[in-house]
Amino acid sequence: MAKKTTDPASGLFTTLGVDVGGTGMKGGIVQLGEGPKTGRLVGERFRVPTPQPARPEAVAGVLSQIVDELDARPDAPSRSLPVGIDFPAVIHQGICLTATNMDPSWIGTEVDELFSEALKRPVSTVNDADAAGLAEVRYGAGAGVQGTVLVITLGTGIGAGLFRDGELVPNLELGTIELDGAVAETRASAAAREREGLDWPAYAERLQRYFSYVERIFYPDLIIVGGGISKRPDDYLPLLDLRAPIVPAALKNNAGIVGAALWATDALAGTATRQALLGTARKAADRAMAKQSVDGSDSEKDTGRAVRKAAKKAVKKAT
């Protein structure tokens, strides 16, 4: 049997992702790469309510609680590897510039520095809608789609991620544009529908005006709708009439976690440290795969477990 080369960066590499929201914070161990079972969570996600008021130190404390829980799991990646965190604000070079749905004390906070100190490891923070979009474009409804893909998340507010041939245009704040003489997310977010008691046809009318306006600005080739509302696409998507196809997000509520992990991984992909770690893990994974082939294991699950264990052990030893 021919030896199969396994690249931990595209089949076995895992890292942590945490999604910070206005009402809840949830994290998970994420399997990344290009294989058939990548772009998904390994095990259950762990959720903790967002502290109120959601000030920086309080959020950092809950973040530490979530990561400690994930670190204790058997499939946890090396603690030397970065944690990806998505956050509901404009994040520019690690600094929070807005706080539309968070405590105003976040504005000007160096979030990467704050979270890194709390977790005692590297952290890379990204806008929450950008994270969800990254996950959908890489592993979900936008995988393989060329041209312009617009990912809109409908939740407490309205988030947006814009992609051109798979490349992210960051911090696109389409929830703050004007709709019916008001800020769009106060009229067309999922929270606005619940607050005003709108039925689905009435809500679809607002979404129609919103999406029609956005479509005339960007002329996307595909629109993906994410957020908790993506669980009920049949209630409103068939009522919309747009030029571009509009589809629900495939990863649903896990998109932010997966995208945050992707962001952290991609941010360090070109560094010498990252390449050295992947090289070490790759060699260990290849050795484990070859050994399983010689031993004649018939179980793909057992083989995968052995390879993951070998790669993880090698990375921990190297760091």
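Residues numbered from 1 in each chain as written. Predicted model: local features only at pLDDT ≥ 70, side-chain atom pairs only at ≥ 80, totals over all residues. Heavy atoms only, no water.

What follows is about the overall build of the chain. In terms of regular secondary structure, the chain is built from ten helices and 15 strands. In the chain, which comprises 319 residues, the share counted as buried stands at 53%. Across the chain, contacts joining residues at least 24 apart in sequence account for 64% of those joining residues at least 6 apart. In the form shown here, the chain has an accessible surface area of approximately 14600 Å², with 52% of it arising from carbon and sulfur atoms. (Helix = DSSP H or I, 4+ residues; strand = E, 2+ residues; numbered from the N terminus. Buried < 20%, exposed > 50% of the residue type's maximum accessible area, 1.4 Å probe, protein only. Contact = heavy atoms within 4.5 Å. Areas by Shrake-Rupley, 256 points an atom, 1.4 Å probe, with all protein chains shown as cover.)

Here Ala-54 is to be found in the loop between strand S4 (46-49) and helix H2 (56-71). Ala-54 sits 48 residues away from Met-102 along the chain, and the two C-alpha atoms are 6.5 Å apart. Those residues in contact with Ala-54 that lie beyond four places of it in its chain are Val-59, Met-102, Asp-103 and Trp-106.

Residue position: Ser-78 is located in the loop between H2 and strand S5 (83-87). For Ser-78, a relative accessible area of 6% gives the class buried. Separated by 2.8 Å, the side chains of Ser-78 and Ser-80 make a polar contact. (Polar contact = N/O pair within 3.5 Å; in protein donor to acceptor, adjacent residues only side chain to side chain.)

Moving on, we come to the sheet that holds strand S11 (residues 167-169). Strand order in the open sheet formed by five strands is S11-S10-S9-S14-S15, and the pairing between neighbours is mixed. What marks the edges here is a single partner per strand, and that holds for S11 and strand S15 (246-248). Strand-to-strand twist of the sheet, defined as the mean angle between neighbouring strand axes without regard to direction, takes the value 25°. With three bridges joining them, strand S14 (residues 222-226) and S15 adopt parallel strand pairing. When the bridges of S15 are listed, Val-225 appears paired with Pro-248. Where helix H4 (residues 128-139) meets the sheet, it contacts strand S9 (148-154), strand S10 (158-164), S11 and S14, and its direction lies at approximately 45° from that of S10. Running over the sheet, helix H7 (residues 200-218) touches S9, S10, S14 and S15 and is turned about 150° from S9. (Pairing = 2+ DSSP bridges. Axes fitted to C-alpha atoms, helices over the stretch in contact; angles between N-to-C directions.)

What follows covers the confidence of the model for the chain. Any region with low pLDDT has predicted coordinates that should not be read closely. In this model, the chain carries a mean pLDDT of 85, and residues with pLDDT of at least 70 account for 80%. Scored below 50 in pLDDT, residues 1-11 makes 29 contacts in the model with residues more than four places away or belonging to other chains. (pLDDT = per-residue confidence, 0-100.)

This brings us to the pattern of salt bridges. Evaluated as defined, the whole model comprises nine salt bridges. Of the charged contacts, one joins Arg-79 and Asp-71 as a salt bridge, the two residues approaching to 3.8 Å between their closest N and O atoms. Residues participating in the shared-partner salt-bridge network are Asp-71, Arg-79 and Arg-121. (Salt bridge = Lys/Arg side-chain N within 4 Å of Asp/Glu carboxyl O.)

So, about the pairing of strand S2 (residues 24-31). Of all eight residues in S2, eight are buried; the element is thus mostly enclosed. Neither face of S2 is left uncovered, since the one carrying Gly-24, Lys-26, Gly-28 and Val-30 and the one carrying Met-25, Gly-27, Ile-29 and Gln-31 both have all their residues buried. Two elements, strand S1 (residues 14-20) and S2, share seven bridges in a ladder whose sense is antiparallel. Residue pairing across strands places Thr-14 opposite Gln-31, the latter belonging to S2. Connecting S1 to the antiparallel partner S2 that follows it, the hairpin turn spans three residues. Direction of pairing for S2 relative to strand S3 (residues 40-41): antiparallel, over a ladder of two bridges. Looking across to S3, one finds that Gln-31 is bridged to Arg-40.

The next thing to look at is H2. Between its terminal C-alpha atoms H2 stretches 22 Å, which fits the 22 Å expected from 16 residues at 1.5 Å a residue. Taken residue by residue, H2 has Pro-56, Val-59, Ala-60, Val-62, Leu-63, Ser-64, Ile-66, Val-67, Leu-70 and Asp-71 as its buried positions. If you follow the buried residues of H2, they end up packed against S1, S2, S4, S5 and helix H3 (111-119). (Expected span 1.5 Å × (residues − 1).)

Moving on to a positive patch on the surface. A cluster of basic side chains, namely Arg-45, Arg-47, Lys-231 and Lys-252, defines a positive patch on the protein surface. Within the fold, Arg-45 resides in the loop between S3 and S4. Residue classification places Arg-45 among the partly exposed positions, given a relative accessible area of 31%. (Patch = residues over 30% accessible without salt bridge, like charges linked within 9 Å, V, L, I, M, F, W, Y side chains within 5 Å. Lys, Arg positive; Asp, Glu negative; His and termini not counted. Charge placed at Lys NZ, Arg CZ, Asp CG, Glu CD.)

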